[in-house]
Amino acid sequence: MKTIKTIGLFIVSLLILFNFSCNKKVNEIGEITVLLTDDPYPIDLMERIDITFNKLFILPEGKGSDDYLNVAIVGTRTFDLKELINGNYAVLTKTNIPTGSYQSLKVSVSSSQISLYDGRIFDVEIPAYAQEGFEVTLSEIFYLEKDEFKEVYLDIDVGNPYV
């Protein structure tokens, strides 16, 4: 049961992996794709590790926490993290955003569930801050230019669920 609770905390351990350049232009549009992946973890007892996202926000460089831009996610999106192990990924969203520099993401998780091979299913309690959105500061600020395409990977490390 402790393992199940520990795994449940994986939601707060998102790690952003990317390498982008920085320039400045305004009022133009580029495209960003946010993909999910998972580091390997010995999850032999688990048949599924489902996580449901319902909102995604991105923060322009130099803006405050009230200035996040809503990034379109169509409805809610549920992913089985076991399908994302060892380099596999899934697209959380692919959408246009204004050009400019960005410093962090905020991801809102509405539910999570762990299903074991023995048939037991555990609903993971989602903390209030994760339901409203938890912030993931980018390791480097990135700049999106007009008509440019960027990919941002959120690496959910099930094996290291603590920030």
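Bear in mind that the values here come from a model prediction, so they are computed numbers and not experimental data.

Scoring rules and cut-offs
- Residues numbered from 1 in each chain as written.
- Predicted model: local features only at pLDDT ≥ 70, side-chain atom pairs only at ≥ 80, totals over all residues.
- Heavy atoms only, no water.
- Helix = DSSP H or I, 4+ residues; strand = E, 2+ residues; numbered from the N terminus.
- Buried < 20%, exposed > 50% of the residue type's maximum accessible area, 1.4 Å probe, protein only.
- Contact = heavy atoms within 4.5 Å.
- Areas by Shrake-Rupley, 256 points an atom, 1.4 Å probe, with all protein chains shown as cover.
- Salt bridge = Lys/Arg side-chain N within 4 Å of Asp/Glu carboxyl O.
- Phe/Tyr/Trp six-rings, centres within 6.5 Å; stacked < 30°, edge-to-face > 60°.
- pLDDT = per-residue confidence, 0-100.
- Polar contact = N/O pair within 3.5 Å; in protein donor to acceptor, adjacent residues only side chain to side chain.

Let us look at the overall build of the protein chain. When its secondary structure is counted, the protein chain shows 2 helices and 10 strands. Going residue by residue from the N terminus, the α and β elements of the protein chain occur as α-β-β-β-β-β-β-β-β-α-β-β. A buried classification covers 47% of the 163 residues belonging to the protein chain. Restricting to contacts in the protein chain with at least 6 residues of sequence separation, those with at least 24 account for 84%. Total accessible area on the protein chain is roughly 8,700 Å²; 48% of this is exposed by carbon and sulfur atoms.

Moving on: the pattern of salt bridges. Taken as a whole and assessed by the stated rule, the structure comprises 5 salt bridges. A salt bridge links Arg 48 to Asp 50, with the shortest nitrogen-to-oxygen separation between them at 2.7 Å. By relative accessible area, which is 10% here, Asp 50 ends up buried. A salt bridge links Asp 118 to Arg 120; the shortest N-O distance between them is 2.8 Å. By relative accessible area, which is 51% here, Asp 118 ends up exposed. Look at the salt bridges and you will find they share partners, linking Arg 48, Asp 50 and Asp 80 into a network.

Right, let's talk about unusual backbone geometry for a bit. Not every positive phi belongs to a glycine, and Asp 147 is a case in point at roughly 60°. Inspection of the secondary structure puts Asp 147 in the loop between β9 (134–144) and β10 (149–156).

Moving on: the packing of aromatic side chains. Under the defined criterion, the tally for this structure stands at 3 aromatic pairs. Between the aromatic rings of Tyr 102 and Phe 142, the centroid separation amounts to 5.6 Å while the plane-to-plane angle is 35°, which identifies the pairing as tilted. A residue pair is termed long-range when its members are at least 10 positions apart, and Tyr 102 in strand β7 (residues 100–116) and Phe 142 in strand β9 qualify at 40 residues. Judged by its relative accessible area of 2%, Tyr 102 falls in the buried class.

On average, residues of the protein chain score 76 in pLDDT, and 76% of them are at 70 or above. The model gives residues 1–24 a pLDDT under 50, and that stretch makes 85 contacts with residues more than four places away or in other chains.

Quick look at the environment of Thr 93 now. With respect to the helices and strands, Thr 93 occurs in strand β6 (residues 90–98). Residues within four places of Thr 93 in sequence aside, it is in contact with Ile 32, Thr 33, Val 34, Leu 56, Val 71, Ala 72 and Ile 73.

Glancing now at the environment of Glu 135. Among the secondary structure elements, Glu 135 is positioned in strand β9. Considering only alpha carbons, one finds Glu 135 and Phe 57, 78 residues apart in sequence, at a separation of 9.0 Å. Beyond its immediate sequence surroundings of up to four residues, Glu 135 is in contact with Leu 59, Tyr 68, Ser 104, Leu 105 and Lys 106.

On to the side chain of Thr 52, then. Tracing the sequence through the fold places Thr 52 in strand β3 (residues 46–60). For Thr 52, a relative accessible area of 9% gives the class buried. For Thr 52, the side chain forms a polar contact with the side chain of Thr 78, separated by 2.6 Å. Beyond its immediate chain neighbours, meaning those up to four positions away, Thr 52 contacts Thr 76, Arg 77, Thr 78, Ser 108, Val 109, Ser 110 and Ser 111.

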